[in-house]
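Fold and geometry: a report
One-letter residues, chain by chain:
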Amino acid sequence: ARQRTSGVMRLTKLVLTLLLLGLAGQAACQEDDYGEDDFGGGGGYGEEEEEEDPPPAPAGDGAARELSSVADLEAFMDDNDASVVGAFLEKEMPDPAAVMPEDWDEDEDGTWEAPVVTNPELAAFNSIASSLYNYRFAFSAAPDVLAKLKSKTGGLYLYRSPKFLSAEHGDKPRERFPSTKLSESAVRNWLNSKAQPLVGLYSSSTKERYSGATLVVFFNLDFAKNAKGVSYVLKRARKAAAKLKGKLAVAVASSTDLSYELGDYGLPTDKPNTILMGISAGGQYYAPADGAAAFSGDTMSEFARAFLAGELTPYEKPEPEPAAGGGDEDLSDSDDDYGGGDEDDEYKDEA
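Described below are features of the structure shown in this document. (Residues numbered from 1 in each chain as written. Predicted model: local features only at pLDDT ≥ 70, side-chain atom pairs only at ≥ 80, totals over all residues. Heavy atoms only, no water.)

Overview of the sheet that holds strand 11 (residues 276–281)
Strand order in the open sheet formed by 5 strands is 8-10-9-11-12, and the pairing between neighbours is mixed. With partners counted over all chains shown, the strands left at the sheet margins are strand 8 (199–201) and strand 12 (284–286), one partner each. On average, each strand axis in the sheet is inclined to that of its neighbour by 30°, with strand direction left out of account. Taken together, the 5 bridges between strand 9 (residues 214–219) and strand 11 define a ladder with antiparallel strand orientation. (Pairing = 2+ DSSP bridges. Helix = DSSP H or I, 4+ residues; strand = E, 2+ residues; numbered from the N terminus. Axes fitted to C-alpha atoms, helices over the stretch in contact; angles between N-to-C directions.)

Right, here's the structure in full:
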């Protein structure tokens, strides 16, 4: 009996030893699965992985570009939007506010010279450019660029887009800011009142310049691939705009770039090659009474007349339909979904 008992004890010790070895091996495997190789240190539930700093934001549209040559100037002005150019006789200059210290000794300290600083007028220009980011700014102090600008004393110049300019309808290619002192508010007001030609570009960066009621023609505004179509629309838009001056502004827009706005007017968003019209006024949007009418000078003039006569009703977007299966859900039986129902009670009974 003693031998039998001794054998049982030895067998029991052997089984316990094997169990302990098995548990140790399992723990080692878990450490390998959640260790440093996979998660970079500390195990699967240790310290979180450090997040990398986001890349620096690119310079905004308001950053002024330096023009070093006439070629730079011409390339800058060849754009769909207006160009704002600052002309300066020098980029840097002796600080005009600097004063020689009273105890300056030329024998000991040498000839006094004022420290060189950025031209204060250029500094003010750059500050304004960074704030008015919806405009395109550039500057130059290169003699050949100033000669091309015909600027002998420097100044601030606005060049309207050559792609929308119409000398026939009175558009001037350039304007000069009427003061040598630049302030943000004065420059902003000046640009907003002068930047757009008779029929200009209506885009996400220019629409704020149209403060009053504006008739917008949406179409395939691509000067390279749709040159004849652009010319066709602009000729008729300018003819109508000349008669509406002072009553209703007229602009053109890319139906692709502003597709997200077409729905505000109740216009179709799936016809990029169709010429569409809408009027924006005081936060309300209007479409022609006969939305299916083909674009022409006559339909455009009739649309403007109906709006000015108060015959049009602003478009109202329909309320979005509720999602399928929407509404408040009955949560009274939630215990059954999360283990608090009959199955849980049965488990407790068995325990």
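Regarding the packing of helix 8 (residues 227–244) against helix 10 (residues 297–308)
Following both chains from N to C, one finds helix 8 and helix 10 inclined at 30°, their axes separated by 9 Å at the closest point. When the axis of helix 8 is compared with that of helix 10, the two are roughly parallel. Once helix 8 is placed against helix 10, the crossing between them reads as right-handed. Here helix 8 contributes Arg236, Ala237, Ala240 and Leu244 to the contact with helix 10, which in turn contributes Gly297, Met300, Ser301, Ala304 and Leu308. Looking at the contact of helix 8 with helix 10, its residues break down into 6 nonpolar, 2 polar and 1 charged. (Parallel < 35°, antiparallel > 145°, perpendicular 65-115°, else oblique. Left-handed = near helix turned anticlockwise from the far one by under 90°. Contact = heavy atoms within 4.5 Å. Nonpolar A, V, L, I, M, F, W, Y, C, P; charged D, E, K, R; others polar.)

What about helix 8?
The end-to-end C-alpha separation of helix 8 is 25 Å, in line with the 26 Å expected for 18 residues at 1.5 Å each. Regarding helix 8, the residues found buried are Gly229, Val230, Val233, Leu234, Ala237, Arg238, Ala240, Ala241 and Leu244. Buried residues belonging to helix 8 abut strand 8, strand 9, strand 10 (249–254) and helix 10. Gly246 lies just past helix 8 and shows a positive phi near 90°. (Expected span 1.5 Å × (residues − 1). Buried < 20%, exposed > 50% of the residue type's maximum accessible area, 1.4 Å probe, protein only.)

Here we look at the nonpolar core
Counting residues in each nonpolar core, the largest one holds 29 residues, and the members touching the most others are Val199, Leu215, Val217, Val252 and Met300. Counting only elements with at least two residues in this core, the list comes to strand 8, strand 9, helix 8, strand 10, strand 11 and helix 10. The dominant element in this core, judged by the number of residues it contributes, is helix 8, at 7 residues. When residues no more than four places from it in sequence are discounted, the contact partners of Met300 are Leu215, Val217, Arg236, Ala237, Ala240, Val250, Met277 and Phe295. (Core = buried A, V, L, I, M, F, W, Y, C linked by side-chain atoms within 4.5 Å.)

Considerations on the environment of Lys239
With respect to the helices and strands, Lys239 occurs in helix 8. Residue class for Lys239 comes out exposed when judged on its relative accessible area of 56%. Along the chain, Lys239 and Val199 lie 40 residues apart, while their C-alpha atoms are 9.7 Å from each other.

Some words on unusual backbone geometry
Positive phi, close to 55°, is recorded for Lys150, a residue that is not glycine. Relative to the helices and strands, Lys150 is located in the loop between helix 6 (143–148) and strand 6 (155–159). Classification of Lys150 by relative accessible area gives exposed; the value is 72%.

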